[in-house]
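A structural walkthrough
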Amino acid sequence: MIRHIVIFQFEEEKAAKADIPAIKSGLECLVNEIPELIKMEVGININSNEKQHLVLTAEVKDMKDLDVYAKHPKHLAVAAKIKAIANGRTCVDYEI
């Protein structure tokens, strides 16, 4: 099993105009759209002292399924909305 964690930092001006709850919801819906996703949790950072805005934690069976998820059209559509406002991203994938 693989746990996939991504932390996003958004440009402040763009984030203020973006609908971050809608992005969160769009990510969470992927678990119903992409069979390879076993579990997904998305959180909006409520700590205003930190620069990161959104965290995603997902679980898949293996790295092959992670690749399928990453290339899935539904994921790419949500990812495009994130890329439009992001100025940083950190990712960690590990076996559980």
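Structure's up top.
So, a few notes on the structure that sits alongside this text. (Residues numbered from 1 in each chain as written. Predicted model: local features only at pLDDT ≥ 70, side-chain atom pairs only at ≥ 80, totals over all residues. Heavy atoms only, no water.)

1. Observations regarding the sheet that holds strand β2 (residues 37-44)
Spatial strand order, β2-β3-β1-β4: four strands in an open sheet with antiparallel pairing. Edge positions in the sheet fall to β2 and β4 (86-95), since each has one partner strand and no second. The sheet shows a mean angle of 15 degrees between the axes of neighbouring strands, direction not considered. Of the strands in this sheet, β1 (2-10), β2 and β3 (54-60) touch helix α2 (residues 20-33), which is tilted by about 170 degrees from β2. (Pairing = 2+ DSSP bridges. Helix = DSSP H or I, 4+ residues; strand = E, 2+ residues; numbered from the N terminus. Axes fitted to C-alpha atoms, helices over the stretch in contact; angles between N-to-C directions. Contact = heavy atoms within 4.5 Å.)

2. A few points about helix α3 (residues 63-71)
Here α3 has its buried residues at D65, L66 and Y69. Axial view of α3: buried residues confined to an arc of 105 degrees, hence all on one face. Pointing more than 90 degrees away from the buried face of α3 are the exposed residues K64 and K71. The elements touched by buried residues of α3 are β1, α2, β2, β3, α4 (73-83) and β4. Structurally, the start of α3 carries an N-cap: the backbone nitrogen of K64 is 3.2 Å from a side-chain oxygen of D62. (Buried < 20%, exposed > 50% of the residue type's maximum accessible area, 1.4 Å probe, protein only. Arc of directions from axis to C-beta. Polar contact = N/O pair within 3.5 Å; in protein donor to acceptor, adjacent residues only side chain to side chain.)

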